[in-house]
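Summary of structural features
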Amino acid sequence: AQRVTQPEKLLSVFKGAPVELKCNYSYSGSPELFWYVQYSRQRLQLLLRHISRESIKGFTADLNKGETSFHLKKPFAQEEDSAMYYCALGASFQKLVFGTGTRLLVSP
Amino acid sequence: DAGVIQSPRHEVTEMGQEVTLRCKPISGHDYLFWYRQTMMRGLELLIYFNNNVPIDDSGMPEDRFSAKMPNASFSTLKIQPSEPRDSAVYFCASSRGQGDSYEQYFGPGTRLTVT
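Residues numbered from 1 in each chain as written. Chains lettered and ligands numbered in written order. Predicted model: local features only at pLDDT ≥ 70, side-chain atom pairs only at ≥ 80, totals over all residues. Heavy atoms only, no water.

Considerations on the state of the cysteines
All names here are of chain B.
- Counted by the stated rule, this structure contains two disulfides over all chains.
- Put simply, C23 and C92 are joined by a disulfide, and their sulfur atoms are 1.9 Å apart. Residues C23 and C92 are joined through a disulfide that is left-handed, its torsion about the S-S bond being -70 degrees. Placement of C23 in strand β3 (residues 19-24) and of C92 in strand β9 (residues 88-95) is noted, with a sequence separation of 69 residues between them. Like C23, the residue C92 is buried in the burial classification. (Disulfide = S-S within 2.5 Å. Helix = DSSP H or I, 4+ residues; strand = E, 2+ residues; numbered from the N terminus. Buried < 20%, exposed > 50% of the residue type's maximum accessible area, 1.4 Å probe, protein only.)

A word on a nonpolar patch on the surface
- Together, A:F93, B:V53 and B:I55 line one region of the surface with nonpolar side chains, adding up to about 310 Å² of accessible area.
- You can see B:V53 is positioned in strand β6 (residues 53-56).
- Judged by relative accessible area, which is 47%, B:V53 ranks as partly exposed. (Patch = residues over 30% accessible without salt bridge, like charges linked within 9 Å, V, L, I, M, F, W, Y side chains within 5 Å. Areas by Shrake-Rupley, 256 points an atom, 1.4 Å probe, with all protein chains shown as cover. Salt bridge = Lys/Arg side-chain N within 4 Å of Asp/Glu carboxyl O.)

Re the sheet that holds strand β7 (residues 60-61) of chain A
All names here are of chain A.
- Strand order in the open sheet made by the three strands is β3-β8-β7, with antiparallel pairing throughout. Strands with a single pairing partner mark the edges of an open sheet, and in this sheet they are β3 (19-21) and β7.
- Across two bridges, the pairing between β7 and strand β8 (residues 72-74) is antiparallel. The residue bridging T60 from the neighbouring strand is K73, located in β8. (Pairing = 2+ DSSP bridges.)

Description of the pairing of strand β9 (residues 83-90) of chain A
Residues and elements named next belong to chain A.
- The element β9 is largely enclosed, with a buried count of eight among its eight residues.
- Residues A83, Y85, C87 and L89 line one face of β9 and the alternating positions M84, Y86, A88 and G90 line the opposite face, and both faces are buried.
- Where strand β5 (residues 32-38) lies against β9, seven bridges are found, and the strand directions are antiparallel. If you follow V37 over to β9, its bridge partner there is Y85.
- Where β9 and strand β11 (residues 102-107) come together, three bridges link them in antiparallel fashion.

With respect to the packing of aromatic side chains
- A complete count under the given rule lists twelve aromatic pairs over all chains for this structure.
- With a centroid separation of 6.3 Å and an interplanar angle of 15 degrees, the aromatic rings of B:Y31 and B:F33 are classed as stacked.
- Look at B:Y31 and you get buried, because its relative accessible area is 12%.
- Note on B:Y35 and B:F106: the rings are 5.4 Å apart at their centroids and 35 degrees apart in plane angle, and the pair reads as tilted. Here the residue B:Y35 occupies a position in strand β4 (residues 31-38), and B:F106 occupies one in strand β10 (residues 105-106), the gap between them amounting to 71 residues.
- Grouping aromatic residues by their ring pairs yields a cluster made of A:Y36, A:Y86, A:F98, B:Y31, B:F33, B:Y35, B:Y48, B:F91 and B:F106. (Phe/Tyr/Trp six-rings, centres within 6.5 Å; stacked < 30°, edge-to-face > 60°.)

Let's talk about the interface of chain B and chain A
- Taken together, the contact pairs 26 residues of chain B with 20 residues of chain A.
- Overall, the association of chain B and chain A removes approximately 2000 Å² of surface from exposure, summing both partners, and the carbon and sulfur fraction of that is 49%.
- Of all residues in chain B, B:L43, B:Y102 and B:F106 bury the most surface against chain A, accounting for 36% of the area lost on that side.
- Its salt-bridge partner being A:R49, residue B:E103 comes within 2.8 Å of it at the nearest N-O pair.
- The interface formed by chain B and chain A includes nine residue pairs in polar contact (both at pLDDT 80 or more).
- Looking at the side of chain B that touches chain A residue by residue, the class counts come to 14 nonpolar, eight polar and four charged. (Contact = heavy atoms within 4.5 Å. Buried area = accessible area lost by both parts, 1.4 Å probe. Polar contact = N/O pair within 3.5 Å; in protein donor to acceptor, adjacent residues only side chain to side chain. Nonpolar A, V, L, I, M, F, W, Y, C, P; charged D, E, K, R; others polar.)

Spelled out as structure tokens, the structure:
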């Protein structure tokens, strides 16, 4: 079965603190993993994908096949990072399976 | 390009009424997706189309929900009759389906409230 688990509904940190949003997946094939972000009053948009191995807005995510995880990390959180974050798994025929999302709140 | 366009942005209706949500995908995109977002269940895929043909409707909750894509630039999601538990934000998304593997572009969503 294709499944994405984001165990935290809400993650609250102070500005400058490190952030780690957890994502675990279940997939029998070779996974493609993504992080999507939804800022307040904006559309859901792609933040990064594991295949690119890039850092976007200071965020990185490493695919760990042994632990079936794709956690999103940032060493120093900023207030503008406050948003809803969704982890997604690329399944067959362009379909994405999303997790339930984690709301990140960065306080000053 | 204005991106994916959805209408209406907000819909308030009474239980039992028919609701029709509309979506215009990005021109040239071959795939169109309908999602429902709730606090409890997050983002759920309801149905998606490839070249106007439904590929997977296993996420459609029940027979009260139906979706059509009569042409490449328009899709509708209909709920008849609507129930209070259908209250959610409904998103439409589209993708090219090649090259930008899996990247989906989302519309602003329709917030549906059924009283």
